[in-house]
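Spelled out, the chains give:
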Protein chains: 2
Amino acid sequence: MAGTRTRTTPATEAADPYAPCEDDCGIRDVLDRLGDRWSVLLVVELAKGTRRFRELQHAVPGISQRMLSVTAKRLVRDGLVERTVYPTIPPRTDYRLTATGRSFAGAVAALADWSRTHKDAIAASRDDFDTRHPDEVR
Amino acid sequence: MAGTRTRTTPATEAADPYAPCEDDCGIRDVLDRLGDRWSVLLVVELAKGTRRFRELQHAVPGISQRMLSVTAKRLVRDGLVERTVYPTIPPRTDYRLTATGRSFAGAVAALADWSRTHKDAIAASRDDFDTRHPDEVR
DNA sequence: CGGTATCCACAGGGATACTG
DNA sequence: CAGTATCCCTGTGGATACCG
């Protein structure tokens, strides 16, 4: 999502180019988490229980060490995930959902349900659209 | 969301770098719509009733003509929105949610509810985190 | 083990101009 | 009115290397 909440104009700008909360108002914050590639997958995995860094990395195939670190930190900042560090050698870090995080996981699960029940219809619609409009860039 | 569903590697690649549907499986498709800047705003507006191109543009402040066009087309392709063109002069185009689209709007509304009830907690958590970690890039 | 730091490719999306 | 065509800047996130 390039340019999210950013302005292109130099700096000598006064008004916020984005609407001051039309229907939005806070929803964006949640949507941004849902939108990024990994947050939801991490939450879904953590909904199953406490996980260590390495465990998360294996549970969510394809995530890089960097993105796991970045995403987890974001979730911790938002208060959805709790991080516990054991200063042992070698170190150990546990991640687990907070109460808010579990609530969020519930909301996500509802959405996942919607996805599952409508994915076929969506796929069909796309195929249909694509055959009807063979050109197009996409 | 740069690099979404894309590979950086040249072309001589065999296996899909992304998991063949671990827990994901179709959810991504929905999440991608939720993730982009405008889809949800458009759906929310259309949930109120049929809208013309221009009406949508005014209802969703900040959206460019191009992004309205692009986003609407995506929603039509996914079968969430229906487009009716009246070949009058000047032309007129109506956009309205399909049955699937209304169902989707419902799911989004649920999410919006979650957002509203938790936005304060999230904001508080962020403030707390930020004061506790004054440095950091963000 | 559990991260950071750095570098960079690339798709998203804004601005602007033009068209049926 | 309702788009399309271009151009270009931007943040996201992948790869890689290094650290306590």
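Each remark here, short or long, concerns the structure printed above.
Below, the structure is looked at part by part. All figures in this text were calculated on a predicted structure; none of them were measured in a lab.

Some remarks on the protein's contact with DNA strand C
Phase 1 of the analysis: Around DNA strand C, a shell composed of 26 residues is seen, among which A:Gln65, A:Ser69, A:Lys73, A:Arg83 and A:Tyr95 lie nearest.
Phase 2 of the analysis: Within 4 Å of the protein, atoms of DNA strand C come from sugar and phosphate in 61% of cases.
Phase 3 of the analysis: Here a base oxygen of DNA strand C sits 3.5 Å away from a polar atom, N or O, in the side chain of A:Arg66.
Phase 4 of the analysis: Separating a phosphate oxygen of DNA strand C from a side-chain N or O atom of A:Lys73 is a distance of 2.8 Å.
Phase 5 of the analysis: Where the surface near DNA strand C is concerned, the elements lending two or more residues are helix 3 (53-59), helix 4 (65-77) and strand 3 (92-97) of chain A together with helix 4 (65-77) of chain B.
Phase 6 of the analysis: No other element matches the four residues that helix 4 of chain A contributes to the surface near DNA strand C.
Phase 7 of the analysis: Per-class residue counts for the surface near DNA strand C are 11 nonpolar, five polar and 10 charged.

Examining the sheet that holds strand 1 (residues 51-52) of chain A
Two pairing modes exist for strands in a sheet, parallel and antiparallel, and in both the strands are linked by backbone hydrogen bonds.
Residue and element names in this part refer to chain A.
Phase 1 of the analysis: Taken in spatial order, the three strands line up as 1-3-2 in an open sheet, and their pairing is antiparallel. A strand with exactly one partner marks an edge of an open sheet, and here the two such strands are strand 1 and strand 2 (81-86).
Phase 2 of the analysis: Across two bridges, strand 1 lies against strand 3 in antiparallel orientation. Bridge pairing in strand 3 places Arg 52 opposite Asp 94.

Here we look at the pairing of strand 2 (residues 81-86) of chain B
Residue and element names in this part refer to chain B.
Phase 1 of the analysis: In this structure, strand 2 lies alongside strand 3 (residues 92-97), joined through six bridges in antiparallel fashion. Counterpart to Val 81 in the pairing with strand 3 is Leu 97.
Phase 2 of the analysis: Two successive antiparallel strands, strand 2 and strand 3, enclose a turn made up of five residues.

With respect to the packing of helix 1 (residues 27-35) of chain A against helix 1 (residues 27-35) of chain B
Phase 1 of the analysis: Their axes nearest at 8 Å, the elements helix 1 of chain A and helix 1 of chain B cross at an angle of 140°. Accordingly, the angle class assigned to the pair helix 1 of chain A and helix 1 of chain B is oblique. Considering the relative orientation of helix 1 of chain A and helix 1 of chain B, their crossing is left-handed. Contacts between helix 1 of chain A and helix 1 of chain B involve A:Arg28, A:Leu31, A:Leu34 and A:Gly35 on the former and, on the latter, B:Arg28, B:Leu31, B:Leu34 and B:Gly35.

Overview of the side chain of A:Arg51
All names here are of chain A.
Phase 1 of the analysis: Topologically, Arg 51 is positioned in strand 1.
Phase 2 of the analysis: Polar side-chain contacts of Arg 51 include one of 2.8 Å to the side chain of Glu 45.
Phase 3 of the analysis: Excluding residues that lie within four positions of it along the chain, Arg 51 makes contacts with Glu 45, Leu 46, Leu 56, Thr 93, Asp 94 and Tyr 95.

Brief notes about the packing of helix 1 of chain A against helix 5 (residues 99-132) of chain B
Phase 1 of the analysis: Viewed as axis vectors pointing N to C, helix 1 of chain A and helix 5 of chain B meet at an angle of 90°, and their least axial separation amounts to 8 Å. Looking at the two axes, helix 1 of chain A sits roughly perpendicular to helix 5 of chain B. Between helix 1 of chain A and helix 5 of chain B, the residues in contact are A:Ile27, A:Asp29, A:Val30, A:Leu31, A:Arg33 and A:Leu34 and B:Leu111, B:Ala112, B:Trp114, B:Ser115, B:Arg116 and B:Arg126, respectively.
Phase 2 of the analysis: Of the residues in the contact of helix 1 of chain A with helix 5 of chain B, the class split is seven nonpolar, one polar and four charged.

As for the sheet that holds strand 3 of chain B
Residues and elements named next belong to chain B.
Phase 1 of the analysis: Strand order across the open sheet formed by three strands is 1-3-2, with antiparallel pairing between neighbours. Two strands lie at the open edges of the sheet, namely strand 1 (51-52) and strand 2, each paired on one side alone.
Phase 2 of the analysis: In this fold helix 2 (residues 39-46) packs onto strand 1, strand 2 and strand 3, with an angle of close to 90° to the strand it touches most, strand 3.

Thoughts on the packing of aromatic side chains
Two aromatic rings, taken as a pair, are described by how far apart their centres are and by the angle between their planes.
Phase 1 of the analysis: Counted according to the given criterion, the structure contains two aromatic pairs over all chains.
Phase 2 of the analysis: Against the face of B:Trp38 rests B:Arg37, its NZ or CZ located 5.3 Å from the ring centre.

Observations regarding the environment of A:Phe53
All names here are of chain A.
Phase 1 of the analysis: By the secondary structure assignment, Phe 53 is in helix 3.
Phase 2 of the analysis: Taking the C-alpha atoms as reference points, Phe 53 and Ser 69, separated by 16 residues in sequence, lie 8.4 Å from one another.
Phase 3 of the analysis: Residue contacts for Phe 53: discarding those within four places in its chain leaves Gln 65, Leu 68, Ser 69, Thr 93 and Tyr 95.

Regarding helix 4 of chain B
Phase 1 of the analysis: Counted at 1.5 Å a residue, the expected span for helix 4 of chain B with its 13 residues is 18 Å, and the 18 Å between its end C-alpha atoms agrees.
Phase 2 of the analysis: By the burial criterion, the buried members of helix 4 of chain B are B:Leu68, B:Thr71, B:Ala72, B:Leu75, B:Val76 and B:Arg77.
Phase 3 of the analysis: Looking at the buried residues of helix 4 of chain B, the elements they touch are helix 5 (99-132) of chain A together with helix 1, helix 2, helix 3 (53-59), strand 2 and strand 3 of chain B.
Phase 4 of the analysis: Among the residues trailing helix 4 of chain B, B:Gly79 stands out with phi positive, at a value near 80°.

Reading the values: rules and limits
- Residues numbered from 1 in each chain as written.
- Chains lettered and ligands numbered in written order.
- Predicted model: local features only at pLDDT ≥ 70, side-chain atom pairs only at ≥ 80, totals over all residues.
- Heavy atoms only, no water.
- Near = heavy atom within 4 Å.
- Polar contact = N/O pair within 3.5 Å; in protein donor to acceptor, adjacent residues only side chain to side chain.
- Helix = DSSP H or I, 4+ residues; strand = E, 2+ residues; numbered from the N terminus.
- Nonpolar A, V, L, I, M, F, W, Y, C, P; charged D, E, K, R; others polar.
- Pairing = 2+ DSSP bridges.
- Axes fitted to C-alpha atoms, helices over the stretch in contact; angles between N-to-C directions.
- Parallel < 35°, antiparallel > 145°, perpendicular 65-115°, else oblique.
- Left-handed = near helix turned anticlockwise from the far one by under 90°.
- Contact = heavy atoms within 4.5 Å.
- Phe/Tyr/Trp six-rings, centres within 6.5 Å; stacked < 30°, edge-to-face > 60°.
- Lys NZ or Arg CZ within 6 Å of the ring centre and 35° of its normal.
- Expected span 1.5 Å × (residues − 1).
- Buried < 20%, exposed > 50% of the residue type's maximum accessible area, 1.4 Å probe, protein only.

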